[in-house]
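# Structure assessment
So you can see what is in the structure, the chains are spelled out below.
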Amino acid sequence: MENWLTFFNVLILSILIGLLILMHKKHISFSKRVFTGMALGILLGIFLQVAYGSGSKITENTLDWYSIIGSGYVQLLMVIVVPLVMVSIIRSIINLDAADRLGKMAAWVIGTLITTTLVAALIGIGSALLFDLNADQIHIGQDQKMRGTEIQQKFDTMEQKTMPQRIVNFIPSNIFMDMTGGRPTSVIAVVIFSFLVGVAVLGVRRKQPEHAEMFTKMVDAIFAVVMRLVTIILRLTPFGVLALMANMIASTNFAGIMELGKFVLASYAALITMFIIHLVLVAVFGLNPITYLKKVIPTLIFAFTSRSSAGAIPLNISAQKNALGVDDATANMSASFGATMGQNGCAGIYPAMLAVMIAPTVGINPLSPEFIIQLAVITAISSFGVAGVGGGATFAAIIVLSSMGLPIALAGVLITVEPLIDMGRTALNVNGSMLSGTVTSRMLGTFNRNIFNDKHAVVEQTEA
C-alpha cells in the first residue's frame with residue numbers, strides 16, 4: 001500500500017511539472033512560472049502533511065523521490081558555479097579599460113556587504129528587544145540538547161583560529177582543489193585566482209598582444225558554452241522551486257513552530273525590515289525600488305526555497321547582468337563575495353538576536369548600550385570571517401556568541417524552527433549581494449539604466 005501511495009504522490013508532482021511545461025509553451029513569463037511553482041509546491045506540501053503527516057514513512061519515501069527534482073536542481077546550479085564565476089570574471093577583467101577599477105570595485109562590494117550587515121545586526125537586536133525574547137522561556141528538550149552539543153563540538157574544533165587566520169583562508173593555495181569546492185572558502189579563492197589571471201592577461205596584452213588575443217578568443221568561446229549551459233539549467237527553476245517547496249512544507253514540524261512562534265515572528269519582522277531598508281537604498285541611489293523588486297523576485301524565490309546562497313550564485317549573476325543592468329565584473333564579484341561574507345540574514349540578524357536572547361541567562365542586561373554597541377560591531381566584523389570556518393548561520397552564531405562570552409550550546413534551542421527561518425535569511429543574504437552589486441555598479445559608472453528600465457530584460461535571458 002505504501003508503494004502505491006508513494007507512486008500516487010509522485011504522479012501528482014509529474015502532473016504539476018507538466019502544467020509548468022504547458023505554461024512555458026504558452027510563453028507565460030519566467031517570473032509567473034516561478035511564482036506558480038512556489039504556490040503549487042506549498043499546496044502539495046500541505047496535502048502531504050494533512051494526508052500522511054510530516055514523519056510518516058509514506059511522506060519520507062515521497063520526499064526522497066521529490067528530491068530528485070529539488071536537490072538535483074540545486075546540485076546542477078552548484079556544478080556551474082565555479083566555471084561561471086571563473087570564466088566570467090576573467091573575461092570581464094580582460095574587457096576592462098583600466099585595471100585600477102578592480103580595487104575600487106572590491107572596496108565598494110565588500111564595504112556595502114559589511115555595512116549592511118552592521119545595520120542588520122542593529123535591526124536584529126531591536127527586534128529581539130521589542131519581542132522580549134529570552135532563551136529561558138524556551139523548553140529545552142532532547143533534540144535541543146543534542147543540537148547544543150553539536151554546536152559546542154564545532155566550536156571546540158574552530159576556536160583556535162583567529163580572525164586574521166580565517167581571512168588568510170580566502171587566499172588560494174591549490175586552485176584545483178578550490179575548483180572542486182574542497183574548502184569552505186573555495187568560491188572566494190576562485191574569484192581571487194580569476195582576478196589574478198585577468199590582470200595577467202592585461203599585462204601580456206601590452207608586451208605580447210598576439211598571445212593575449214589568442215587567450216581572449218579561447219575565453220570567449222568557453223564563456224559562450226558556459227552561458228548556454230546556464231540558460232539550460234535556469235529554465236528548470238520553476239520545477240526546482242516546486243519540488244523544494246513541497247519538500248519543505250511536507251517535512252516541517254508545525255508543532256515546534258507554534259511553540260517558538262514568537263521567535264519566528266521576531267525573526268521575520270527583522271528580515272522584512274532589513275529588506276525594506278535594501279529597497280530604500282535602491283531608491284537613494286536613484287533607482288525605482290518597485291522595478292528592482294520585480295527584477296529580483298525569481299532569484300529571491302529560489303533562494304527562499306533552496307536555502308542555498310551558493311546555489312543561487314548563477315541566478316544572482318544572471319539577474320544582476322541581464323535584469324538589473326550591472327556590469328559583468330561587479331555582478332560576479334558581488335554574487336561570489338555575498339555568498340560567503342557579509343550575509344545580512346545569517347551573519348547579521350540571526351547571531352545578534354541569539355545574543356540578545358541568551359544574555360539574560362548569564363546575568364547580562366541586553367538593554368545596556370555598551371552591550372548593544374559591542375554586539376553590533378562584533379557581528380559586522382565576524383561576518384567578514386565567517387567563510388573561513390565554513391559559512392552559515394550556525395558558524396556566525398558561534399563566532400559572535402563566543403566573542404561576547406556567551407554560552408555557545410544555547411544556540412541549539414531553535415532547532416525546530418531553523419529551516420523556516422533559514423529560508424528568509426537566505427533570501428535576504430542573496431538580496432544583499434545583489435544590492436551590493438547594484439550600488440557598486442552605480443558608483444563606478446558602469447550601470448546600464450536601459451537594461452534596468454526594460455521590462456523585457458529578465459533573469460531568464462542569460463544570453464542578453
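Residues numbered from 1 in each chain as written. Predicted model: local features only at pLDDT ≥ 70, side-chain atom pairs only at ≥ 80, totals over all residues. Heavy atoms only, no water.

Threshold: UniProt positions are given in the numbering used here, feature names are shortened, and annotations may be inferred rather than shown by experiment.
The name given to the protein in an unreviewed UniProt entry is L-cystine uptake protein TcyP, with Macrococcoides caseolyticum as the source organism. Entered under Sequence similarities (unreviewed entry) in the UniProt record, the comment concerning the protein runs "Belongs to the dicarboxylate/amino acid:cation symporter (DAACS) (TC 2.A.23) family." UniProt's Subcellular location (unreviewed entry) comment on the protein is quoted here verbatim: "Membrane".

## Notes on the environment of S29
Rule in force here: Secondary structure elements are taken from DSSP: a helix is a run of H or I of four residues or more, a strand is a run of E of two residues or more, and numbering for both begins at the N terminus. Relative accessible area decides the class of each residue, using a 1.4 Å probe on protein chains only: under 20% of the type maximum gives buried, over 50% gives exposed, and in between gives partly exposed.
Position of S29 among the secondary structure elements: in the loop between helix 1 (2–25) and helix 2 (30–52). Judged by relative accessible area, which is 35%, S29 ranks as partly exposed. Residues S29 and V458, spaced 429 residues apart in sequence, show a C-alpha to C-alpha distance of 9.2 Å.

## A few points about the side chain of T59
Just so we agree on the cut-off: Nitrogen and oxygen atoms within 3.5 Å of one another constitute a polar contact, given that in protein one can donate a hydrogen and the other can accept it, and given that sequence-neighbouring residues count only through two side-chain atoms. Residue contacts are counted whenever heavy atoms from the two residues lie within 4.5 Å of one another.
Here T59 lies in helix 3 (residues 57–94). Of note is the side chain of T59, whose polar atom sits 2.8 Å from the side chain of S56. Residues in contact with T59, not counting those within four places in the same chain, are L48, Y52, G53, S54 and A250.

## Topic: the nonpolar core
Our working definition: In this text, buried Ala, Val, Leu, Ile, Met, Phe, Trp, Tyr and Cys residues form a nonpolar core when linked through side-chain atoms within 4.5 Å.
Y292 and L375 are the most contacted members of the largest nonpolar core, which has 110 residues in total. Per-element accounting of this core gives the leading share, 14 residues, to helix 3. The residues touching Y292, leaving out its near neighbours within four places in the chain, are L279, V282, L324, N431, M434, L435, T438 and F452. Of all hydrophobic cores here, the second largest spans 16 residues; its members include L13, L44, I58 and A246.

## Brief notes about helix 10 (residues 237–251)
Defined as follows: One less than the number of residues in a helix, times 1.5 Å, gives the span that helix is expected to have.
In this model, helix 10 (15 residues) spans 21 Å end to end at C-alpha, consistent with the 21 Å of a helix rising 1.5 Å per residue. Across the 15 residues that make up helix 10, a large majority, 14, are buried.

## Re the packing of helix 8 (residues 186–207) against helix 9 (residues 209–234)
A pair of packed helices can be characterised by two numbers: the angle between their axes and the separation between those axes. Under the convention used in this document: Note on geometry: axes are C-alpha line fits, over the in-contact stretch for helices, and angles between N-to-C directions span 0 to 180 degrees. Throughout, the term roughly parallel applies to angles under 35 degrees, roughly antiparallel to angles over 145, roughly perpendicular to angles from 65 to 115, and oblique to all others. Charged means Asp, Glu, Lys or Arg here, nonpolar means Ala, Val, Leu, Ile, Met, Phe, Trp, Tyr, Cys or Pro, and polar covers whatever is left, Gly included.
At a minimum axis separation of 6 Å, helix 8 and helix 9 run at an interaxial angle of 140°. Classified by the interaxial angle, the pair formed by helix 8 and helix 9 is oblique. Where helix 8 approaches helix 9, its residues V197, V201, V204, R205 and K207 are matched on the opposing element by P209, H211, A212, F215 and T216. Across the contact of helix 8 with helix 9, the residue classes tally to 6 nonpolar, 2 polar and 2 charged.

## What about the packing of helix 14 (residues 313–324) against helix 15 (residues 328–338)?
For clarity, the threshold we go by: If you view the pair so one helix is near and one far, a crossing is left-handed when the near helix is turned anticlockwise from the far one by less than a right angle, and right-handed when it is turned clockwise.
Taken N-terminus to C-terminus, the directions of helix 14 and helix 15 make an angle of 145°; their axes are 9 Å apart at the nearest point. Crossing angle aside, the handedness with which helix 14 passes helix 15 is right-handed. On the side of helix 14, the interface is formed by I313, N316, I317, Q320 and K321, while helix 15 contributes D328, T330, A331, N332, S334, A335 and S336.

## What about the environment of V82?
Inspection of the secondary structure puts V82 in helix 3. Taking the C-alpha atoms as reference points, V82 and T180, separated by 98 residues in sequence, lie 8.1 Å from one another. Residues within four places of V82 in sequence aside, it is in contact with D178, M179 and V190.

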